[in-house]
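Each chain is listed here by its residues.
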Amino acid sequence: MPKVTVEGMGSFEVTPGKRLLSALLENGVDMLHRCGGNAKCTTCRVSFLRGEPTMRTEAELQRLTDKQEDLGLRLSCQISCEADMELRTLLRFSESGLDDPGPEPLPTIQPEPVWIKRE
Ligand code: FES
């Protein structure tokens, strides 16, 4: 089972193929997800310390700006947990001052993923 480690929050195991955003939410990491996990808002972004997946969805590539990509940011709603990973969260609901974190995301990656390998 892949192990997800969140800086400052600890580790948990997830079912292989689990959507990273869902894994974080189910394990008490109060990620923002203002578009409901549809690759439209970028509030679910994370940065990887280790184990960054090389596969990206076309939707993620279209949404992130060049600057965000240069900074190594990724959208947790567009990542499938296939191996151990260590990451840092960037926008948490409890620190946002917003009234709600966003609509409940579906358990599967949306929109239907078109996978692109990017080293
Ligand atoms: S939740 Fe909006 S881009 Fe991921």
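Residues numbered from 1 in each chain as written. Predicted model: local features only at pLDDT ≥ 70, side-chain atom pairs only at ≥ 80, totals over all residues.

A. View of the sheet that holds strand E2 (residues 10-13). Taken in spatial order, the five strands of this open sheet run E2-E1-E8-E4-E6, and their pairing is mixed. Looking along the sheet, the strands with just one partner apiece sit at the ends: E2 and strand E6 (73-75). Across the sheet, the mean angle separating the axes of adjacent strands is 40° when strand polarity is ignored. Of the strand pairs in this sheet, strand E4 (residues 45-50) and strand E8 (residues 85-89) are connected by four bridges, and their pairing is antiparallel. From the neighbouring strand, serine 47 faces E8, where its bridge partner is arginine 88. (Pairing = 2+ DSSP bridges. Helix = DSSP H or I, 4+ residues; strand = E, 2+ residues; numbered from the N terminus. Axes fitted to C-alpha atoms, helices over the stretch in contact; angles between N-to-C directions.)

B. Focus on the environment of glycine 37. Tracing the backbone shows glycine 37 in the loop between helix H1 (20-26) and E4. For glycine 37, a count of 27 C-beta atoms within 10 Å puts it in the buried group. In this structure glycine 37 touches Leu21, Cys44, Cys77, Pro105, Leu106 and Gln110, once residues within four positions along its chain are discounted. (Buried ≥ 20, exposed ≤ 12 C-beta atoms within 10 Å, placed from the backbone. Contact = placed C-beta atoms within 7 Å.)

C. Representation of the nonpolar core. In terms of nonpolar packing, the biggest core is built from 22 residues, with Val4, Leu20, Leu21, Ala23, Leu24, Met31 and Cys44 touching the most fellow members. Considering each element in turn, this core owes the most residues, five residues, to H1. Residue contacts for leucine 20: discarding those within four places in its chain leaves Ser76, Ile79 and Cys81. (Core = buried A, V, L, I, M, F, W, Y, C linked by C-beta atoms within 7 Å.)

D. Inspection of the pairing of E2 at higher detail. Sheet topology note: the strand E1 (residues 3-6)/E2 ladder contains four bridges and is antiparallel. Bridge pairing links lysine 3 to glutamate 13 in E2.

E. Layout of unusual backbone geometry. Omega for the bond connecting glutamine 110 with proline 111 falls within 30 degrees of zero, at -10°, which places this linkage in the cis form. Turning to its location among the elements, proline 111 is positioned in the loop between E8 and strand E9 (115-117). Its identity is not glycine, yet alanine 39 carries a phi of approximately 60°, on the positive side. Within the secondary structure, alanine 39 is located in the loop between H1 and E4. You will see that threonine 42, though not glycine, has its phi angle at about 70°, which is positive. Here threonine 42 lies in the loop between H1 and E4.

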